[in-house]
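Below are the chains, spelled out letter by letter.
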Amino acid sequence: MKNKNTLRQNETLKIKPIKLGVLVLMALTGMPFALAGEAQFDAPLLLAQANTELPAAKGNNEPDVTIIQVGAAKALIRAEPSEGSSIVSEAFKGQLLDAYEQSGEWVRVKLKDTLLGRQFGWIKTETDALGELNLLVVSSGKSSTRTAYKETGALASEIEAVRPNGVVPTINLPAINPDQVAPPAPNLPRETVAIPDRWRLMSALGFKFPFYDPYNQNALKGDLPVLSSLGPDWFFNMGLISDTLLEYRKLPTPVAPVTRSPGQGGTFGNPNQRIFVENIIGSFSLVKGDTTFRPPDYEFKFTPVFSHNVVRVGEDRALRVDPLQGSRRKDNHLGIQELFADVHLRNVSDRFDFDSLRVGIQPITADFRSFLFNDLPFGVRVFGNRDNNQYQYNVGLFRRIEKDTNTGLNDIQKGLRDDDVFLANIYRQDFPVIGFTSQLTYAHNRNNENKEFYYNKNGFLERPAPVGNIRPFSYKVNYFGYSGDGHFDRWNFSTSTYLATGKSDDHPIAQKPQDIRGWFHASELSRDFDWVRVRGSALFTSGDRDPNDGKSTGFDAIFENPQFAGSDTSFFIRQPIPLVGGGALILSGRNGVIPSLRTSKEEGQSNFVNPGLTLFGLGADFDVTPQMRLIANVNRLFFRDTTVFSILRTQGAVDRDIGTDLSFAMQYRPFMSQNVIINASISTLFAGKGIKQLTDEDQRGRLSTALVNVILAF
């Protein structure tokens with residue numbers, strides 16, 4: 001039975017574009033609609049609700065059709081009226097289809113875009129979870145032009161609804177449901193307040209924040225543009241840090257020719273030392289550009305550090321070469337740690353992959369854990385990224401700056417050293433697995449300080465080392481390295497491996513030219529268990545078996561600052577243990593793990609004639625509260641070869657056992673931020689036989705330290 005609302009056979013259905021949008025909107029949202037005219041509908045008729053039977057095709061050119069509309073999100077059109085038949089096309093919500101016949105739950109429709117060249121297909125009438133049918137009857141009548149479209153949309157915009165008598169039908173909208181939300185009010189003229197820029201919207205609304213509040217909008221913290229005379233988007237960022245250290249330690253302390261400690265007639269005397277350091281750090285940067293999603297166009301940065309330190313020791317001449325100056329030293333120094341200009345050269349993609357140039361005194365780190373080179377030298381560096389930040393690179397040439405002896409800060413009054421470092425590295429994120437970053441590094445260190453003797457601020461000889469023939473020397477060393485940092489599933493892993501090759505024109509210990517061949521490896525594996533992280537670490541550096549064979553097979557870094565195996569809470573890593581020449585050589589530098597036998601890490605030269613090191617460590621971090629973290633570490637240490645000690649100390653064989661390093665630390669952040677940090681730690685080295693032989697038997701149990709460090713940041 002045909003639909004009672006079937007159009008006359010000579011009528012065609014067209015809809016004006018302006019009313020098409022309303023029709024499509026109602027079709028997509030499921031709103032009922034009606035077409036005005038002789039064939040006006042009171043409501044959309046569902047096939048089942050109207051109990052409509054579609055006519056079969058009559059075989060003539062213009063068969064009777066019923067226009068149906070898809071009400072589901074997507075309807076599959078099959079080759080036969082069966083669930084198992086192949087899918088020949090698709091129709092989407094709001095599309096109109098020509099339907100020619102109905103067989104049970106299946107409706108036969110004409111296709112436009114088909115598979116396998118078919119002209120007809122079948123759609124099954126179904127209900128959704130709300131009981132709504134997926135097909136709706138729009139009209140019935142003669143038409144052979146309507147087809148099933150695969151494109152989204154109900155009708156082409158050029159179709160209009162026109163009756164033969166010239167009457168254009170109107171669309172009657174249903175009454176608004178009184179339970180619906182009221183439509184939006186029209187845009188009315190309103191008062192506006194002009195503001196200088198979009199960053200000052202808060203202040204225009206009456207919000208005022210004091211200049212000392214770093215947590216809200218603050219022109220001193222880069223939240224608001226400044227210096228409008230220079231142009232838009234200039235931001236100023238200021239940081240102030242107070243870093244206070246109070247440290248007590250028991251360290252082997254060489255005695256002067258006349259000791260003040262009764263009964264101390266050996267090489268080492270009273271081990272007690274007390275240190276107070278107050279560092280005031282300022283950081284001032286001026287940046288051009290909104291850096292939320294891209295690097296700055298320009299950046300100018302200046303970081304001065306003022307340091308005041310007081311040291312008391314138990315022996316004269318431990319602090320200054322002149323023993324008459326006593327066992328207490330007070331010193332001040334102003335160091336320039338950063339002073340550079342950064343220029344954004346270009347963007348190379350729409351994701352802001354870029355190239356930048358930085359010139360001046362700047363921080364540089366060669367690897368993730370700072371094993372090779374971590375310093376603030378003067379240099380020129382080009383850096384950037386590629387492939388949506390999957391690759392990062394650094395290429396730079398740096399000249400090292402002389403350090404202040406008592407603070408380790410840059411001393412620009414002394415000028416630059418004749419010590420150059422060329423560094424190139426490339427990082428690849430998510431390689432070899434997602435979550436792990438790999439890095440390749442090449443560094444070349446050219447030290448040409450073979451022309452004069454250099455004495456430090458306290459009067460001690462730094463270059464060359466006061467051992468052997470005490471002749472100035474130079475060296476050239478190449479470093480090839482691989483580093484990785486990230487995680488494999490739930491296991492965190494960090495590793496670094498370096499090979500050092502090069503030549504030295506002379507050496508104070510070997511007293512002849514040397515071929516340098518050394519290697520280094522360190523790895524840390526850790527895993528998190530809720531609020532506990534457990535980690536294991538291992539480090540190996542090569543040692544020199546024969547200082548007189550013309551080969552330096554020990555390994556030494558350029559300027560290390562390792563964040564590894566407890567780092568600066570570990571006694572062995574943190575403390576410079578005096579060794580020979582009245583303390584002229586130290587076992588390893590302050591905040592250094594390699595037993596390189598330098599005069600100092602800051603002002604001495606690299607030394608590849610050294611005993612090497614083997615370290616195995618276990619540690620754990622306990623986040624007991626959001627404010628409190630406890631840290632524990634135990635490291636077992638051994639020399640790899642002690643031949644060089646026998647030559648330096650003119651004594652018999654020295655045992656390889658350094659001892660067991662045990663440390664505990666606490667970090668407390670009362671406001672759960674970096675603005676206030678309180679660190680405290682204690683550590684001790686249970687000396688092994690080798691250390692006891694090098695520091696006298698009566699120094700047992702004296703190798704320990706305790707410290708408190710308070711950091712306040714604005």
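Residues numbered from 1 in each chain as written. Predicted model: local features only at pLDDT ≥ 70, side-chain atom pairs only at ≥ 80, totals over all residues. Heavy atoms only, no water.

### Structural notes on the overall build of the chain
Within the chain, the secondary structure is distributed over six helices and 34 strands. For the chain, the residues scored as buried account for 48% of the 714 residues in total. Here the contacts in the chain between residues at least 6 apart in sequence split such that 63% fall between residues at least 24 apart. (Helix = DSSP H or I, 4+ residues; strand = E, 2+ residues; numbered from the N terminus. Buried < 20%, exposed > 50% of the residue type's maximum accessible area, 1.4 Å probe, protein only. Contact = heavy atoms within 4.5 Å.)

### Remarks on the packing of aromatic side chains
Scanning the entire structure with this criterion turns up 22 aromatic pairs. A centroid spacing of 5.9 Å and a plane angle of 80° characterise the contact between Tyr479 and Phe555, whose relative ring orientation is edge-to-face. Highlighted residues: Tyr479 in strand 23 (residues 475-488) and Phe555 in the loop between strand 27 (551-552) and helix 4 (571-574), separated in sequence by 76 residues. For the pair Tyr479 and Phe555, one class covers both residues: buried. An aromatic cluster is present here, built from Phe371, Tyr479, Tyr498, Phe520, Phe555 and Phe564 joined pairwise through their rings. Lying over the aromatic face of Phe714, Lys221 brings its terminal NZ or CZ to 4.8 Å of the ring centre. (Phe/Tyr/Trp six-rings, centres within 6.5 Å; stacked < 30°, edge-to-face > 60°. Lys NZ or Arg CZ within 6 Å of the ring centre and 35° of its normal.)

### A few points about the nonpolar core
By size, the foremost hydrophobic cluster in this structure holds 54 residues, and its most contacted members are Leu372, Phe373, Tyr479, Leu539, Leu587 and Phe645. Of all elements in the fold, only strand 19 (416-428), strand 23, strand 24 (491-504), strand 25 (514-529), helix 4, strand 30 (613-622), helix 5 (643-649) and helix 6 (689-695) reach the threshold of two or more residues within this core. The residues contacting Leu372, other than those within four sequence positions of it, are Ala366, Asp367, Ala443, Tyr479, Tyr498, Ala557, Ile558, Phe559 and Glu560. Judged by nonpolar contacts, the second largest core, of 15 residues, contains Val70, Ala99, Leu111 and Leu135. (Core = buried A, V, L, I, M, F, W, Y, C linked by side-chain atoms within 4.5 Å.)

### Digging into the pattern of salt bridges
Counted under the stated rule, the structure contains 36 salt bridges. The residue Asp506 makes a salt bridge to Arg471 at a minimum N-O spacing of 3.6 Å. In this pair, Asp506 sits in the loop between strand 24 and strand 25 while Arg471 sits in the loop between strand 22 (461-463) and strand 23, placing the two residues 35 residues apart along the sequence. The exposure class assigned to Asp506 is buried, which follows from its relative accessible area of 7%. A relative accessible area of 48% means that Arg471 is categorised as partly exposed. Put simply, Asp375, Arg400, Glu402, Lys403, Arg417, Asp419, Glu449 and Arg463 are held in one network by salt bridges that share partners. (Salt bridge = Lys/Arg side-chain N within 4 Å of Asp/Glu carboxyl O.)

### Considerations on the environment of Gly435
The residue Gly435 is located in the loop between strand 19 and strand 20 (436-447) in this model. Setting aside residues no more than four positions away along its own chain, Gly435 makes contact with Asp430, Asp485, Gly486 and His487.

### A look at empty space enclosed by the protein
What the rule picks out here adds up to seven cavities of 30 Å³ or more. Here the largest cavity is characterised by a volume of approximately 120 Å³. Looking at the largest cavity, it is lined by 15 residues, and the ones nearest its centre are Ala465, Phe473, Leu597, Gln605 and Asn607. Looking at the lining of the largest cavity residue by residue, the classes come out as seven nonpolar, six polar and two charged. (1 Å grid on protein atoms, 1.4 Å probe; cavity = no way out; pocket = protein on both sides within 12 Å on 5 of 7 lines; lining within 4 Å. Points joined across faces, edges and corners; volume = space filled by probe spheres on them. Nonpolar A, V, L, I, M, F, W, Y, C, P; charged D, E, K, R; others polar.)

### Topic: a nonpolar patch on the surface
A cluster of nonpolar side chains, namely Leu201, Met202, Leu205 and Phe207, defines an oily patch on the protein surface of about 380 Å² accessible area. Within the secondary structure, Leu201 is located in helix 3 (residues 201-204). For Leu201, a relative accessible area of 45% corresponds to the partly exposed category. (Patch = residues over 30% accessible without salt bridge, like charges linked within 9 Å, V, L, I, M, F, W, Y side chains within 5 Å. Areas by Shrake-Rupley, 256 points an atom, 1.4 Å probe, with all protein chains shown as cover.)

### As for the environment of Val382
Residue placement: Val382 occurs in strand 17 (residues 378-386). What Val382 contacts, discounting residues up to four positions off in sequence, is Ser356, Leu357, Tyr393, Asn394 and Val395.

### Concerning the pairing of strand 31 (residues 628-638)
Relative to strand 31, strand 30 is paired through nine bridges, and the arrangement is antiparallel. Pairing of Phe616 across the sheet is with Arg636, part of strand 31. The antiparallel hairpin formed by strand 30 and strand 31 contains five residues in its connecting segment. Two elements, strand 31 and strand 32 (residues 657-668), share eleven bridges in a ladder whose sense is antiparallel. Residue pairing across strands places Asn635 opposite Asp661, the latter belonging to strand 32. (Pairing = 2+ DSSP bridges.)

### Details of a positive patch on the surface
On the surface, a cluster of positive charge is contributed by Arg274, Arg312, Arg328 and Lys330. Along the chain, Arg328 turns up in strand 13 (residues 328-347). (Lys, Arg positive; Asp, Glu negative; His and termini not counted. Charge placed at Lys NZ, Arg CZ, Asp CG, Glu CD.)

### Looking at the side chain of Ser356
With respect to the secondary-structure elements, Ser356 resides in strand 14 (residues 354-361). Take Ser356: its relative accessible area is 2%, and that puts it in the buried class. With residues near it in sequence (within four places) discarded, Ser356 still touches Asp342, Val343, His344, Leu345, Arg381, Val382 and Phe383.

By themselves, these are just geometric observations and shouldn't be taken as functional.
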